[in-house]
Each structure stands twice: as C-alpha cells, then as structure tokens.
Amino acid sequence: MGLTAAVRGFAGILLSVSVIQTQSNVGVTYTSAQICAVKGSTGEMSCTYTYPPRINNQSTEVQKRLWFTAFSNNTPVDLKSDSHYAGRLQCTCSENSCSLMITDLRESDSAEYKFRFRTNQPNVKFTGLPGVNLSVTDLQVQVNKVEFYSDYTWVQLTCQSSCRPDVYVWIKNGRDIFSETTSSSLSFSFFPEDRISCAVKGHEKFPSPSVYAPKLPSVSASPSAEIVEGSSVTLTCSSDANPAANYVWYKNVQRSLKAVSEDAELAFSAVQSSDSGKYFCTAKNKLGVKSAYNFIDVKYAPKLPSVSVSPSAEIVEGSSVTLTCSSDANPAANYTWYKVNHSNPLSEDSHFVFNSIQPFDSGEYYCKALNTLGMNKSGYNTINVTYAPKLPSVSVSPSAEIVEGSSVTLTCSSDANPAANYTWYKEDEDSPKGFGENLTITDFRLEHSGSYYCVTHNSRGHQNSTSQLIVLKEKFVIIIGNIIRLTLVVLILIPLLVLSLWMRQMTQRSRRSRFKGQSS
C-alpha cells in the first residue's frame, strides 16, 4: 500500500520506508527509497548518516557533504553546481542528517539521488547506495469516449499518471472540484464551455492541463493587404483546444461547402480570380467543433471584354440599337467605346446607344475596359445597317445624239443595303425591258425612242428612278444641221479673211511711203 510523503508541498508516494547501509559503524539511512511526485510540486529527500566519533584517539570530523546523481571522471558532481537545478535547489544538513529540497519539479528531474559524506579520516567516507529513486509525473487527462446529444456531450475521461495516488480529484474550469474518485476514470455530462483537469488529493494546486472543446477559431490572411491576382496568399486558422484541434478548410460553392484543405494553413501560390469567395475553417477535437470564416476578394485587371448587340437580328435604318460591353474585373471596370479609324472616343459607358441608326453608322466598333490594375480591349464588332434603295440615278451612253443603228446603254445606280436588284421599264409599257444595272439596245431604231426608267428593290423596299427620254435623230435633220453648222463656219471665216487682206494692204502702203521719203 502506497503512503503519501509528509513533506512540504510534495505530492509523492513512498514505496519503501528506508534503506540503511552500514559498514564498521559508517552508514547512510534514506527516509524513502522511491518517491513519485507531481510535476510543478516541491519534493524533499532526507537521510541520516553515522560514523565513528574517534579513530586511533583522533576525533572524526565531517569535511564534505553532497547530493548527486552522476559522476564526472569518477567523481560525484555536486547538484549545487549543476545549472539544471539553478534557483530550485536547497540543501540543509546538520551533524548527522541532511535533506535535499527541489522546487518546481520537472519530468527531467527524475533520477536516482544519492548522498555522500567524507571525513578527515582517510578511510571514513561513504556513499549511500542505492539512493532515492525520484519519478516526476506530468498528470494528463485522456479523452476515452464521447457521445454527442442535442443539449450536452457524454464523455469518459482518464487521469493518466505514472503514480498510483489513493484519490483522484476532478476539477472544472480551474476552480470547482466536482468529483473525488479512487478510480483514474470518470464519466459525466460535458458542456461546450467546460474545462476539465485532474489532480492528486491534497495537491490540487498542481492539476493536469485542462481538456476542452475548441474555442472559436481565429482566421487570418497573409498578406493582410489587398490581394492581387497571381500573388501568394496564405489563410491560417488557429483555435485554443485540448486535445489539439484538427483543421479542415471549406469553400462555399453554390450554397454548399467543398473541402479544400485538411491543414491549419490554406496556401495559394498564385491566387486566381476564381479563388475569390467565402472560406470556412473548422477546428475539431474529440470534445467538439467550432467554425469561423474568411472572405477572399481577389483583385485583377479586366479580362477580355465581350460585346453584345441589341437587337441581335438584322439592324434596320432608323431603329434603336444598343452596344453593350462587359468584362470580368475587380474592381469593376470603366468602359470607353471607339469606332475603327476614328481616334476620338464615342462614349464612356458600358452601353453605346443609337436612338435612330443611320447608314453612315455602319462600321467596326470596339470597347476598352479599364481599372486600377490594367486595361483590356475587345475584338471588333461589325455594325451593318440595312436600308431600302435611295433614289436611283440613270445615265445614258453615249451621251451625244443617238443615230439609228447605234448601240445605246442605260445605267442605273442606287445606294442600298443589301445591294439592290434592278428592273427596266419603258413608259406606257407593262412588261419589263430588262434586268440588272445596265440596259443595252444594240441596234437603236425609231421605235426604241421614248422614256425609260429603272426600279431598284431589295428586302427593305423599292424605289423608282426619274424617266430618261431617248430620241433618235432622223437623217434629213442631221443633213440640215450639218449645213447650218457649215454656214456658221463660213460666216465666221469671211470676216476674218477680209480683215487679213485689209491689214496686208495697209502694211504695203506704209512701206511705199517710207521709200519715197528716202528718195527725195
């Protein structure tokens, strides 16, 4: 049966009462051979020693007393010189007894402690063997079994110790003793806020570390500043818990949680825009579970903008048309609209509206998306405005007088989208005279004379040209016309001839007058 040592603040069990070693009236007696103490407590070992008071009529005097656990060069190392015990060791000796007290016991203090004394007599020195075997135990609470209910948790705990104390004390929240048992195990109702520890009866101020469910985790992001796409980001989750918590990271995806990591840290070596979202960290041990979240907002330059046209069907002259530019960007992008081959911006909005679109609005358009992190440009989008043919124009070739038997070509042209089709008519006749932009009459006769016009048409409408009169000139009219023209030429040439003769005569008279003057 174990006995609790009656020493100051020393939680221990004496497994043997004493050890006495003597030789020729020289010996050491230890109070206890084995002691088991609780970590953090104060332990004390003591002994008595004997020696002959006189040898050969010479008085015996003790010159050296020491406690030790190890040798150096076959010489015991005094514990008072060991830095491991600095500030924790006190040795008190009298004429025939000596005690060793160690405060704040550590598991590393576990060892066999021996006492040695030496006198002035060369043969009177002694080491008490075996010494006192000190074992320092660190009390621990082990969670054996857990069952979860709606309002509480049922648990079975064990107080682990290398010692076997007579009575175990169970402590709640560091102050309330709620059970004392001779068994190392205990079952009870456990609540989320409970912190449970165990101790040895009589030494409650040296309890085991408490066990408890995880506290609300703290979640941090590094770096804590703005998160930019492509950078390295680490989320860290930590929770106060004993036993230590296990961590699982989840991402909120479409209103459900998807596990993404089973570690306290969730690292993104090159974070992407798709990584934005709400992340939950769950800290769990055998006694419970707690969660916290962190929101990742990844900033990035605009992605390639997309352009939509409304209405998406055929664009008709005069209708309302809206171009819309959109780009995935964070922060949100600002937009500017441009027309190809035009340097000035058309609009600084995501929408560009034509209230009444016109043919000259046809062309290629693009938009730019811009935010603080960069710019991106959309592809070209073609706007093709369809419209009915405009008023056609008609030309005649040749444009001079048309002679019987000659070839005559009429040409019709009209601005239209889609391109117009052409039909030729002669006034007062119902059937068309031809199709296409050109109407050619290869052997023009008198019956071909008259007014011609063209009709242009496409899917948007039709339009008639003005009439073009074509008249054949008869031969006698041509002869008379030629005579008139010849007469006009003669009438112009006769005055010129008379004027030339007169100027010639005047020149000759002037020469004769100068000759007579020289002769006289």
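Just above sits the structure.
Calculation notes
Residues numbered from 1 in each chain as written. Predicted model: local features only at pLDDT ≥ 70, side-chain atom pairs only at ≥ 80, totals over all residues. Heavy atoms only, no water. Core = buried A, V, L, I, M, F, W, Y, C linked by side-chain atoms within 4.5 Å. Buried < 20%, exposed > 50% of the residue type's maximum accessible area, 1.4 Å probe, protein only. Helix = DSSP H or I, 4+ residues; strand = E, 2+ residues; numbered from the N terminus. Patch = residues over 30% accessible without salt bridge, like charges linked within 9 Å, V, L, I, M, F, W, Y side chains within 5 Å. Areas by Shrake-Rupley, 256 points an atom, 1.4 Å probe, with all protein chains shown as cover. Salt bridge = Lys/Arg side-chain N within 4 Å of Asp/Glu carboxyl O. Pairing = 2+ DSSP bridges. Axes fitted to C-alpha atoms, helices over the stretch in contact; angles between N-to-C directions. Phe/Tyr/Trp six-rings, centres within 6.5 Å; stacked < 30°, edge-to-face > 60°. Lys NZ or Arg CZ within 6 Å of the ring centre and 35° of its normal. Disulfide = S-S within 2.5 Å. Polar contact = N/O pair within 3.5 Å; in protein donor to acceptor, adjacent residues only side chain to side chain. Contact = heavy atoms within 4.5 Å.

As a further point, take the nonpolar core. Counting residues in hydrophobic clusters, the biggest one holds 25 residues, and the most contacted among them are Met45, Trp67, Tyr113, Phe115 and Phe117. When residues of this core are traced back to their parent elements, those giving at least two are β4 (26-30), β5 (34-38), β6 (43-50), β9 (62-68), β13 (97-102), β14 (111-119) and β16 (132-137). In this structure, Val143, Val155, Cys159 and Val211 belong to the second largest nonpolar core, which totals 19 residues.

What follows covers a nonpolar patch on the surface. A surface patch of nonpolar side chains, about 740 Å² in accessible area, is lined by Leu486, Val489, Val490, Ile492, Leu493, Ile494, Leu496 and Val498. Within the secondary structure layout, Ile494 lies in helix α1 (residues 475-519).

This part takes up the sheet that holds strand β36 (residues 351-354). Read from one edge of the open sheet, three strands run β32-β34-β36, paired in antiparallel fashion. Taken across any chain shown, the strands that pair with only one partner, and hence form the sheet edges, are β32 (306-310) and β36. For this sheet the average axis-to-axis angle between neighbouring strands, irrespective of direction, equals 15 degrees. Relative to strand β34 (residues 321-326), β32 runs antiparallel, the two sharing five bridges. Of the residues in β34, the one forming a bridge with Ser306 is Ser326.

In this section: the pattern of salt bridges. Pairing is possible between side chains of opposite charge, provided their charged atoms come close. Under the definition given, this model contains 15 salt bridges. Two residues, Lys145 and Glu147, come together in a salt bridge whose shortest N-O distance is 3.8 Å. The exposure class assigned to Lys145 is partly exposed, which follows from its relative accessible area of 40%. Relative accessible area serves as the criterion here: at 29%, Glu147 is assigned to the partly exposed category. One salt bridge connects Glu229 with Lys303, and the closest N-O pair in it is separated by 3.0 Å. In this pair, Glu229 is assigned in the loop between β24 (227-228) and β25 (233-238) and Lys303 in the loop between β31 (298-299) and β32, connecting sequence segments 74 residues apart.

Moving on to the packing of aromatic side chains. Counting across every chain of the model gives 20 aromatic pairs. When the ring of Tyr85 is compared with that of Tyr113, the centres are 6.5 Å apart and the planes differ by 75 degrees; the resulting orientation is edge-to-face. Taken as a pair, Tyr85 in the loop between β11 (75-76) and β12 (89-93) and Tyr113 in strand β14 lie far apart in primary sequence, 28 residues in all. For the pair Tyr85 and Tyr113, one class covers both residues: buried. Here a set of aromatic residues connected by ring pairs shows up, and it is made of Tyr30, Tyr49, Tyr51, Trp67, Phe115 and Phe117. Stacked on the ring of Tyr293, the Lys or Arg Lys278 has its end atom at 4.1 Å from the ring centre.

Following the criterion strictly, the structure yields six disulfides and no others. Across a sulfur-sulfur distance of 1.7 Å, Cys237 and Cys281 are joined as a disulfide pair. Across the disulfide from Cys237 to Cys281, rotation about the S-S bond amounts to roughly -75 degrees, and the bridge is consequently left-handed. Of this pair, Cys237 sits in strand β25 while Cys281 is found in strand β29 (residues 277-285), placing the two residues 44 residues apart along the sequence. The exposure class of Cys237 is buried, given its relative accessible area of 2%. According to the relative accessible area criterion, Cys281 is buried, its value standing at 0%. Counting only cysteine sulfurs, Cys98 is the nearest neighbor of Cys47, a cysteine outside any disulfide, at a range of 5.8 Å. Judged by its relative accessible area of 3%, Cys47 is buried. Summary of cysteine pairing: Cys91 is not part of a disulfide, and the nearest cysteine sulfur, belonging to Cys98, is at 3.7 Å.

A few words on the side chain of Asn330. Assignment of secondary structure puts Asn330 in the loop between β34 and β35 (334-339). Judged by relative accessible area, Asn330 falls into the buried class, the value being 14%. Side-chain polar atoms of Asn330 contact the backbone oxygen of Val298, separated by 2.9 Å. Here Asn330 is in contact with Asp297, Val298, Lys299, Tyr300, Asn371 and Leu373, once residues within four sequence places are set aside.

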